[in-house]
Amino acid sequence: MTTDHDAVRELLAAWAFGALEPADEKTIPPHLATCETCAREAERLRAVVRMLEGPAPAASASDGSPSEARPPASAPLEGPTSTVLARALRHRAAAPAVAPHAAPYAAAVSGLKALLSEADGRWGTPVVHDWDVHATVAHLLAADEPLAAELGAGTGRPPSGIEEGTPWDAAWNRRTAEVIAHERGRPPGETVAAWSAQAAALLSAPEARDAQSAARAVTLMGLRLPVADHFLVRAFETWIHADDIGRALGLAVPPPPEEHLRHLIRLAVRILGAALGPTAPPVLFSVTGGPEWVLGSDAEPVRAELALDPVDFCLLVGGRYPPQEVPRGAAGDESAVRNVLERAASLAWL
Amino acid sequence: MVPVEQAGVGADAELHRRLVYGDESALAEVYTAYGGLVRRVAVRVTRSAAAAEDVAQEVFAQLWSRPYAFDPRRGSLRTWLSLLAHRRAVDWVRSEARHRKAARADDSALHAIPEPGPGPDETVVDRERSLLLHSALAELPQPQREVVHLAYFAGRTYRQAAVELGIPEGTAKTRLRTALRTLAESLADPPDPALERGA
């Protein structure tokens, strides 16, 4: 009986909570009937659970309604969903409903805002380059600016003193430095509000709501793309920087929703294909669970195959993975594979 | 068992991802799945449907507006919501007790020694003892609190709780036991922070 006694003793708390396995239900009562020690302990523990329950329903009369006292544990308590959701949405708006090409940006903005509500007191945490959290948001404010200006969604930021005719990358580097310097002089909350207001203006532009008006091509930051794709580029950069900030703050930023990720990858592959040019040794490229593309020359047989995880591919293109370190599945001509990886990493997109 | 567990972790991570990216349909799904549990926990502590409603609103508003407070790598959404609902419900009762005490502060009748025997005074004692226990429960180390929540509020057996938490069955039993003994001791030696603070 010793084994039985020990086994029952171990289970007494589970018994008191009503958390036994059905099979155990049979072994406890007979033992309690014969073992005084266990019976005492069982009664003591059960008494605690009863006290946790509080006064019996009949005696509970906080506001006289018997229905609200002690519902059975299994009874589903229905409540008005709309009230709960409405209150939640008052605290944080949902990502705005926009056309599919702008939805990834809307989501990325919503996700970064959520992340930044964890940054209080940690704005000075180093993130990337020589930027802290505050400066990274200031950088995004500058990086969204060209598209905002193009769409007439500017929010009256101090104009840039950069002369006309400056090459786009030099102009861009100066502008981002300028904006960061300006923002450093303000509290982080104001920088977030400015970035957030500009993002909201972008998302309420007609080009965010309507695919047709987003079809015109414009050149921004050296890339000539339809406005729809520029929205994807904004989504990509916003997510990658949110990921940077998350790493800095020790919070795991989930990758964008599958459908958005697919949009981002299609665009990145197109840009990578263009960067490789029509004469590069052809490589059959795929992302896990996604389609395949032949990158490089289509005039010769495929030299190699390369498969990457979707998120890893984005991190590579975003400059967050050295080409030699990205986890990959590869077969065939190694130099052809290396060429693709190095070119992807050198897109220096962000 | 293992695939179910993994599916649970995957489903939580997917919901979390959608919450982070501002997809309100994910919040509606979480509410459909766990609204009942959250209210059940809250009503057990507060004894009031109106208070439980308020606690539930607060809990889901917090999940939605601060999605990064929940980390799917560190535990299940079910347990996280249950713990949060419990803590909020205990806070609600504490603040209600403070108000009640303040309102009755100059009611001299209340300072009379309560009559023994059943009656409203006994109910008050029961309620205070229940609150004391719930306060002690809210202070337990998280690993113990998680098992208690699954067993007591979510109606899991100790074996199901062990699977959900990814711990051995024996550990689940031990944690339940340690938790319940600590609660029993808190009655024997009541520091009663809730009521002290109300003074």
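See above for the structure.
All of these numbers come straight from a predicted model, not from anything done at the bench.

> Explain the interface of chain A and chain B to me, and be specific about the residues and the numbers.
Reports often express the size of an interface as the amount of accessible area lost when the parts come together. In this assembly, 64 residues from chain A lie in contact with 54 residues from chain B. Counting the surface lost from both chain A and chain B, the interface buries some 5700 Å², and carbon and sulfur atoms represent 61% of this. The tally of links between chain A and chain B comes to 7 salt bridges. Across the salt bridge formed by Lys173 of chain B and Glu10 of chain A, the nearest N and O atoms sit 3.6 Å from each other. Taken together, the links from chain A to chain B amount to 21 residue pairs in polar contact (both at pLDDT 80 or more).

> Residue-level account of the pairing of strand β2 (residues 223–226) of chain A, with values.
All names here are of chain A. Direction of pairing for strand β1 (residues 217–220) relative to β2: antiparallel, over a ladder of 4 bridges. Note on β2: the bridge partner recorded for Ala217 is Pro226. Taking the residues between adjacent antiparallel strands as the criterion, β1 and β2 are bridged by 2 residues, where Met221 takes a positive phi near 50°.

> Before we move on, can you summarise the packing of aromatic side chains with the specific residues and values?
Evaluation of the coordinates by the stated rule reveals 8 aromatic pairs over all chains. Look at Tyr152 of chain B and Phe153 of chain B: their rings are 4.7 Å apart centre to centre, the planes differ by 65°, and that puts the pair in the edge-to-face class. Just as Tyr152 of chain B is buried, Phe153 of chain B falls in that class too. Aromatic ring contacts, followed pair by pair, group Phe17 of chain A together with Tyr152 and Phe153 of chain B into a single cluster. Its end group placed over the ring of Trp15 of chain A, Arg46 of chain A keeps NZ or CZ at 4.0 Å from the ring centre. Sitting over the face of the ring of Tyr152 of chain B, Arg44 of chain B holds its NZ or CZ atom 4.3 Å from the ring centroid.

> If you had to explain the packing of helix α6 (residues 142–153) of chain B against helix α7 (residues 158–165) of chain B to someone new, which residues and values would you point to?
Residues and elements named next belong to chain B. Where α6 contacts α7, the axes come no closer than 9 Å and their chain directions differ by 130°. The angle between α6 and α7 places the two elements in the oblique class. Taken as a pair, α6 and α7 cross one another with a handedness that is right-handed. Packed against α6, whose contacting residues are Glu146, Val147 and Leu150, the element α7 presents Ala161, Glu164 and Leu165 at the interface.

About the cut-offs
- Counting restarts for each chain, with residues numbered from 1 along the sequence as it is written.
- Following the order in which they are written, the chains are lettered starting with A and the ligands numbered starting with 1.
- Where totals are concerned, whole chains, interfaces and linings use all residues; where local detail is concerned, this predicted model gives features only for residues with pLDDT of at least 70, and gives and counts side-chain atom pairs only at 80 or more.
- Side-chain descriptors were evaluated using all non-hydrogen atoms of the structure, hydrogens and water having been removed beforehand.
- Note on contacts: a residue pair qualifies if any of its non-hydrogen atoms lie within 4.5 Å across the two residues.
- Defined in terms of a 1.4 Å probe, buried area is the accessible area two parts forfeit on being brought together, summed over both.
- Just to be clear on terms, a salt bridge is a Lys or Arg side-chain nitrogen sitting within 4 Å of an Asp or Glu carboxyl oxygen.
- Throughout this description, a polar contact denotes any pair of N or O atoms lying within 3.5 Å of each other; where both atoms belong to protein, one of them has to be capable of donating a hydrogen while the other can accept it, and for residues adjacent in sequence the pair is counted only when both atoms sit in side chains.
- Note on pairing: two strands pair once DSSP finds at least 2 bridges between them.
- Helix and strand definitions here come from DSSP, where helices need a minimum of 4 consecutive H or I residues and strands a minimum of 2 consecutive E residues; each element is numbered from the N-terminal end.
- Only rings of Phe, Tyr and Trp enter the pairing, Trp through its six-membered ring, and a pair is recorded when the two centres are within 6.5 Å. The plane angle decides the type: under 30 degrees is stacked, over 60 is edge-to-face, the rest tilted.
- Throughout this description, buried means an accessible area under 20% of the type-specific maximum (1.4 Å probe, protein chains only), exposed means over 50%, and partly exposed covers the range between.
- Whether a charge sits over a ring depends on NZ of Lys or CZ of Arg being within 6 Å of the ring centre and within 35 degrees of the ring normal.
- Whenever a helix is involved, its axis is fitted only over the stretch in contact; in every case the axis is a line through C-alpha atoms, and angles between N-to-C directions fall within 0 to 180 degrees.
- Roughly parallel means an angle under 35 degrees; roughly antiparallel means over 145; roughly perpendicular covers 65 to 115; every other angle is labelled oblique.
- Handedness of a crossing is defined here by the sense of rotation of the near helix relative to the far one, left-handed for an anticlockwise turn of less than a right angle and right-handed for a clockwise turn.

Honestly, that's just the spatial picture; any functional story needs more than this.
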